[in-house]
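Chain by chain, the residues run as shown.
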Amino acid sequence: MVALRLRRQKPVENEILGTYTFPSRTVQVLKTQDDHILWTCDCDKFLRQAGQREPLWCKHIAKAAARRSLERLTRRVAGPGRRALSG
Ligand SMILES: [Zn+2]
């Protein structure tokens, strides 16, 4: 039997732009409905910042952001065919 969870009452529908997994953590980059980029991480440090007004941040997000900018650079070089580079 599969228990289905009702997810229709989601308050905000953020678009997931990317997911970056690390050995013990998962970082996601989301686009909010008002076109803001939002990073999330599931580590304790990130969750502890949850009450703050400042943008939340942690080292995993920093790593993911670096990986993301690298990806974008690579994509620009490689063109539409993302599999053009091998090795
Ligand atoms: Zn983190």
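Residues numbered from 1 in each chain as written. Predicted model: local features only at pLDDT ≥ 70, side-chain atom pairs only at ≥ 80, totals over all residues.

**What about the environment of Cys43?**
Next up, step 1: As for its position among the elements, Cys43 is in the loop between β3 (37-41) and α1 (44-48).
Next up, step 2: Separated by 19 residues in sequence, Cys43 and Ser24 place their C-alpha atoms 8.6 Å apart. (Helix = DSSP H or I, 4+ residues; strand = E, 2+ residues; numbered from the N terminus.)

**A short note on the sheet that holds strand β1 (residues 15-21)**
Next up, step 1: Spatial strand order, β1-β2-β3: 3 strands in an open sheet with antiparallel pairing. Of all strands in the sheet, those with a lone pairing partner are β1 and β3, marking the two edges. With direction set aside, neighbouring strand axes in the sheet form an average angle of 20 degrees.
Next up, step 2: Of the pairings in the sheet, the one linking β1 to strand β2 (residues 26-31) comprises 6 bridges and is antiparallel in character. The residue of β2 that forms the bridge with Gly18 is Val29. (Pairing = 2+ DSSP bridges. Axes fitted to C-alpha atoms, helices over the stretch in contact; angles between N-to-C directions.)

**So, the nonpolar core**
Next up, step 1: With 7 residues, the main nonpolar core is built from Tyr20, Val27, Trp39, Cys41, Cys58, Ile61 and Ala64.
Next up, step 2: When neighbours within four sequence positions are excluded, Val27 is seen to be in contact with Tyr20, Trp39, Thr40, Cys41, His60, Ile61 and Ala64. (Core = buried A, V, L, I, M, F, W, Y, C linked by C-beta atoms within 7 Å. Buried ≥ 20, exposed ≤ 12 C-beta atoms within 10 Å, placed from the backbone. Contact = placed C-beta atoms within 7 Å.)

**Here we look at the confidence of the model for the chain**
Next up, step 1: With 74% of its residues at a pLDDT of 70 or more, the chain shows a mean pLDDT of 82.
Next up, step 2: Taking the mean pLDDT of every element in the chain, the minimum, 89, falls on helix α2 (residues 59-78) and the maximum, 96, on β2. (pLDDT = per-residue confidence, 0-100.)

**Brief notes about the pairing of β3**
Next up, step 1: By the bridge criterion, 5 bridges tie β2 to β3 in an arrangement that is antiparallel. Within β3, the residue paired with Gln28 across the bridge is Thr40.
Next up, step 2: The turn linking β2 back onto β3 is made up of 5 residues, and Asp35 within it adopts a positive phi angle of 65 degrees.

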